[in-house]
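The residues making up each chain are set out below.
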Amino acid sequence: MNNNNAPLHLAGVSLSFKDALSKRAVWLPVLLVFCLLLPTLNSGLLRDDYLHRTLLLGLESFPGSQEEAFGPVDAANKLFSFFHDGNDLLENAKVYGNIPWWTDPELKVSFWRPLAAITHWFDYQLWPDSPILMHLHSTVWYLLVGMLLGVWLIKLGVSNLALWLAMLLYVFDASHVHAVGWLANRNILIATCFGLLSMICLTHWSVNRSSLQLVAALSFYLATLLSAEAGISTLGLVIPFLLVIDKNTVAQKLMAFIGFVLVTAAWRIVYSELGYGAIHSGFYVDPINDTPNFIHTLLINGPIMLYEQLIRVPSLSMLMSPAVEINQAVISFVVLIITALLFLPMLIKNKLALYGLLVAIIAVPPACATIVSGGRLMFFFGIGVTLTCAIWFAGLKQNEEWFQKGKLYRGFAYLWSGLIVIAISAGTGFVWYSKVASAFGPEKPPFNIHSNIVEDVSEDQVVVIVNPPVLFEQMYMPLKADYFGLAKPEQMISIVPGLTPISLKQEGQKLILENPQGFLIAGDADWPAAGLPQNSLAFLAKRADRFFVSNHKQIDYQKRYNLRDIVLTVVATTENGDPSKVEVEFPQSLNSEKYVVLWWDWEAKVYKDLSELSNPIIKGPF
């Protein structure tokens, strides 16, 4: 019998931080995961990492666009502020061509993460040419997450086998690997650290009612919000704690809750007044300014992410068609309901298990503020899923009193638990193996899916891409070229997404592209229709490219777009307003050495020169 009902009196609070940290169940899993992470220090840079490097070193974003390196103040306020009213990045990127010409002119993606940003500034002051040390820095933050989680669980009263299982399940969670290995995602690690520190202080306040401890809890919560917007998920830990664990009076609980609400409100007001936020992008969903779309995303992504966290196996929902994704959400919901019913006897008798379930439910909505489901969003609500599952598996092993005696219940419990263990073992093992294996070998320049589009291109040439498969990845092309010492083309123009068959015709100095059904540029209503398989890279491409175009907004496309000397004209649109025919006129012959015209071959998964196109119809991915 263990003492996992201890949260009624928070048996571990009396332990000092040092004593709690000295427990083997805390430091040993953290030490083991550190050893496993060592090979991944060779992961190099990814996506936003290249932009951070450019801004912090004062490098050239585009040919002729070099600016001064960010100081600490600029880094704190601007490092995660990509497109906003105060900079020219959006217009410059459209003219240069590494974001598409149809990008919503009102697009704003601007985040305020000063505490996380300043850690990147220090990286580039101390070891600007060493991504390995930067990754080591991020890894240290993840180790702190693990150690703080262990300390907090001990103070809650979790001990013995349940503590071991909770630590192992959390620190070895394969869904965390991507966040740890992506430098720009360090913000979620820092936010989780401060969130756990806030909960440790709140747990102490719950016992001794020290005003200083409550102030510390609120201060660490503010630090969480200043590290990442996802830090608001700390409320998903706080609210169930006050409801289920804390034994103070209603007035005292209300005082603590109001404190957290006031900090949240103050942060949000300042955040909005300073002009931060994400609007007019289909990639991010603002719960306040776009509530209906947020609810829709929550109903789909919420069950899927909880299901993925339960079995630790990615569902690959990003590759699914919208209809199949809805089916996956329904399946996930059914699995979660069955699991909750199975856990019901434990939830009735064990306060900590109930607390974990409530954390999972309340902390998941903030993770649905983006259409992308993934491990980097699961750090907070994953604590709740992990805690409840750890207590469940420990209870099975130790034959806890809540474990029903009926043969049918016990048989189903062992069967269901066995399936979950197999899924966790297989999924975790595969992801960790893939991550570690990919870390060995030289750093490679992944300019786009399966291709390097700037090889053998000079700085005085213009790259014209007829049908890029994933435009989102091209956003970083000039920054990557600089990092790898390759030539940046003078300009880079993407004509239309490569998700549909395209009729291509060349007339003198013009390229004419047409598809009567449209090029799938606009938002939700223009998903690929018949012909696509249920799971396809095309759906991932469509979701990624929604970064540039608002959801549920009809864009009034201009007739002409002047991209320096190149003029793009929208000749025709569909009934939904999606461009269906465009003409691109060049100032020189396309046969001159000035232009490198490429098209994406979906069958060969490579870019090919226009001279290699024998059929006037470029096939789509179906």
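Below or above, wherever it landed, is the structure these notes cover. Every chain's residues receive numbers from 1 upward, in the order its sequence appears when written. Local features are withheld for residues below a pLDDT of 70 in this predicted model, meaning they are given only at 70 or higher, and side-chain atom pairs are given and counted only at 80 or more; totals for whole chains, interfaces and linings count all residues. Side-chain calculation: all heavy atoms of the structure are included, whereas hydrogens and water are not.

### Observations regarding the overall build of the protein
What counts, and what does not: For the purposes of this entry, the term helix denotes a DSSP run of H or I that reaches at least four residues, the term strand denotes a run of E that reaches at least two, and both are numbered from the N terminus. The globule rule used for comparison is 2.2 Å times the number of residues to the exponent 0.38, while the radius of gyration itself is calculated over C-alpha atoms. Exposure classes here rest on a 1.4 Å probe applied to the protein chains alone. A residue is buried below 20% of its type maximum, exposed above 50%, and partly exposed in between. Whether two residues touch is decided by their heavy atoms; if any such pair falls within 4.5 Å, the residues are in contact. Computed by Shrake-Rupley with a 1.4 Å probe, the accessible areas treat only the displayed protein chains as cover when residues are assessed.
Looking only at helices and strands, one finds 21 helices and 13 strands in the protein. In terms of overall dimensions, the protein is globule-like: its C-alpha atoms have a radius of gyration of 26 Å, near the 25 Å expected for 622 residues. Each principal axis of the C-alpha atoms in the protein carries an extent, and together these give about 85 × 55 × 45 Å. Split into buried and exposed, the 622 residues of the protein put 58% on the buried side. For the protein, long-range pairs separated by at least 24 residues make up 76% of all intrachain contacts whose partners lie at least 6 apart in sequence. Carbon and sulfur atoms form 62% of the exposed surface of the protein, whose accessible area is close to 25300 Å².

### Comments concerning helix α14 (residues 291–311)
Heads up, the condition is: Expected span of a helix: the number of residues minus one, times 1.5 Å. A residue's bend is given by the angle between axes fitted to the 7 residues ending at it and the 7 residues starting at it.
Between the first and last C-alpha of α14 there are 30 Å, a value that for 21 residues agrees with the 30 Å anticipated at 1.5 Å per step. Residue L298 marks the point of greatest curvature in α14, where the axis turns by about 30 degrees. Burial of α14 is extensive: 15 of the 21 residues sit out of reach of the surface. R312 occupies a position one or two residues after α14 and carries a positive phi of about 60 degrees.

### Topic: empty space enclosed by the protein
Threshold: A cavity, in this analysis, means grid points on a 1 Å lattice covering only the protein atoms where a 1.4 Å probe fits yet has no way out; a pocket is instead an open set bounded by protein on both sides within 12 Å along at least five of seven lines, and a residue lines either one if it has an atom within 4 Å of a point. Grid points are joined across faces, edges and corners, and a volume is the space filled by probe spheres set on the points. Ten residue types, Ala, Val, Leu, Ile, Met, Phe, Trp, Tyr, Cys and Pro, are classed as nonpolar, four, Asp, Glu, Lys and Arg, as charged, and the remainder, Gly among them, as polar.
Going through the model one piece at a time under the given rule, you end up with three cavities of 30 Å³ or more. Estimated volume of the largest cavity: approximately 50 Å³. Around the largest cavity, the lining is made up of 10 residues, and of these W102, L520, I521, K542 and D545 lie nearest the centre. For the lining of the largest cavity, a count of residues per class yields seven nonpolar, no polar and three charged.

### Observations regarding the packing of aromatic side chains
For the record, the criterion: The aromatic pairing rule takes the rings of Phe, Tyr and Trp, using the six-membered ring of Trp, and pairs them if the centres are within 6.5 Å, calling planes under 30 degrees apart stacked, those over 60 edge-to-face and the rest tilted. Lysine NZ or arginine CZ positioned within 6 Å of the ring centre and within 35 degrees of the ring normal marks a charge as sitting over the ring.
The full count for this structure, using the stated rule, is 34 aromatic pairs. The interplanar angle of 70 degrees and the centroid separation of 5.8 Å between the aromatic rings of F283 and F547 together place this pair among those described as edge-to-face. Separated by 264 residues along the polypeptide, F283 in the loop between β3 (277–279) and α14 and F547 in the loop between α21 (537–545) and β8 (560–563) bring together distant segments of the chain. Using a relative accessible area of 5% as the deciding quantity, one classes F547 as buried. Their ring planes at 70 degrees and their centres at 5.4 Å tell us that F472 and F547 sit as a pair that is edge-to-face. Of this pair, F472 sits in helix α19 (residues 471–474) while F547 sits in the loop between α21 and β8; the two residues are 75 residues apart in sequence, bridging distant segments of the chain. What links up through ring pairs into an aromatic cluster is the set F83, F111, F283, Y284, F472, Y476, F547 and F548. Sitting over the face of the ring of W182, R47 holds its NZ or CZ atom 5.9 Å from the ring centroid.

### Points about unusual backbone geometry
Of note, the phi angle at R209 is positive, near 50 degrees, even though the residue is not glycine. Note on placement: R209 falls in the loop between α10 (186–208) and α11 (211–225). Non-glycine residue H280 carries a positive phi angle of around 60 degrees.

### Concerning the sheet that holds strand β7 (residues 510–514)
Condition: Paired strands are those between which DSSP finds at least two bridges.
Taking strand neighbours across the sheet as the criterion, the six strands line up as β8-β9-β10-β7-β6-β13 in an open arrangement whose pairing is antiparallel. The sheet terminates laterally at β8 and β13 (617–618), the two strands that pair on one side only. The sheet contact formed by β8 and strand β9 (residues 566–573) spans four bridges and is antiparallel. Bridge pairing in β9 links N562 to V567.

### Some words on the side chain of T500
Worth spelling out the cut-off: Residues adjacent in sequence count toward polar contacts only when both atoms are side-chain atoms; beyond that, a polar contact is any pair of N or O atoms within 3.5 Å, and within protein one must be able to donate a hydrogen and the other to accept it.
Along the chain, the position of T500 falls in the loop between β5 (491–494) and β6 (502–507). By relative accessible area, which is 7% here, T500 ends up buried. Within the local environment of T500, its side chain forms a polar contact with the side chain of N515, the two groups lying 3.3 Å apart.

### A look at the environment of V238
By the element assignment, V238 lies in helix α12 (residues 235–245). Taking the C-alpha atoms as reference, V238 lies 43 Å from K94; in sequence the two are 144 residues apart. Dropping the residues within four chain positions of it, V238 is found in contact with M199, L202 and F260.

### Side note on the nonpolar core
To keep it simple, the criterion reads: Here, nonpolar core means buried Ala, Val, Leu, Ile, Met, Phe, Trp, Tyr and Cys residues that are tied together by side-chain atoms lying within 4.5 Å of each other.
Formed by 195 residues in total, the largest nonpolar core has its most connected members in W101, W152, Y355, W392 and L513. With residues up to four places along the chain from it excluded, the contact list for W101 reads K94, S494, I495, I521, Y557, Y561, L563, L568, V570, P579 and V582.

### Section: the sheet that holds β5
Put simply, the test is: Convention adopted: a line fitted to C-alpha atoms gives each axis, helices being fitted over their contacting stretch, and angles between N-to-C directions are expressed from 0 to 180 degrees.
Strand order in the open sheet formed by four strands is β5-β4-β11-β12, and the pairing between neighbours is mixed. The open sheet is flanked by β5 and β12 (606–609), the only strands paired with a single partner. Each strand of the sheet is rotated relative to its neighbour by a mean of 25 degrees, with strand direction disregarded. Direction of pairing for strand β4 (residues 462–465) relative to β5: parallel, over a ladder of four bridges. By the bridge assignment for β5, V462 is matched with Q491.

### Let's talk about a nonpolar patch on the surface
How we decide: Each patch is built from residues lacking any salt bridge and having more than 30% relative accessible area; the joining distance is 9 Å for like charges and 5 Å for nonpolar side chains (Val, Leu, Ile, Met, Phe, Trp, Tyr). Definition used for salt bridges: Asp or Glu carboxyl oxygen within 4 Å of a side-chain nitrogen of Lys or Arg.
A cluster of nonpolar side chains, contributed by I326, V330, V334, I338, F412, L415, L419 and I422, occupies part of the molecular surface with about 690 Å² of accessible area. Breaking the nonpolar patch down by element, the ones donating at least two residues are α15 (322–349) and α18 (407–439). Residue I422 is classed as exposed on the basis of its relative accessible area of 56%.

### Some remarks on the pairing of β6
Of the pairings in the sheet, the one linking β6 to β13 comprises two bridges and is antiparallel in character. When the bridges of β13 are listed, I502 appears paired with I618. Both β6 and β7 contribute to a ladder of five bridges, which runs antiparallel. Bridging across to β7, E507 finds its partner in K510.

### A short note on the environment of A116
Looking at the secondary structure, you find A116 in helix α6 (residues 114–126). Of the residues examined, A116 reaches a relative accessible area of 1% and is grouped as buried. The spatial distance from the C-alpha of A116 to the C-alpha of L226 is 7.7 Å, given a sequence separation of 110 residues. Apart from residues lying up to four places away in sequence, A116 is in contact with F80, N187, I190, L226 and S227.

### Concerning the pattern of salt bridges
For side chains of opposite charge, pairing can occur when their charged atoms come near one another. Taken as a whole, this structure holds 16 salt bridges when the rule is applied. Salt-bridge contacts for D482 lead to R53; the nearest nitrogen and oxygen are separated by 3.2 Å. In this pair, D482 is assigned in helix α20 (residues 477–483) and R53 in helix α3 (residues 48–57), connecting sequence segments 429 residues apart. Take R53: its relative accessible area is 13%, and that puts it in the buried class. Ionic pairing is found between E507 and K505, a salt bridge with its closest N-O pair at 3.5 Å.

### Things to note about the side chain of S233
You can see S233 is positioned in the loop between α11 and α12. One polar contact links the side chain of S233 to the main-chain carbonyl oxygen of A363, over a distance of 3.5 Å. Those residues in contact with S233 that sit more than four places away from it in its chain are A363, P366 and F380.

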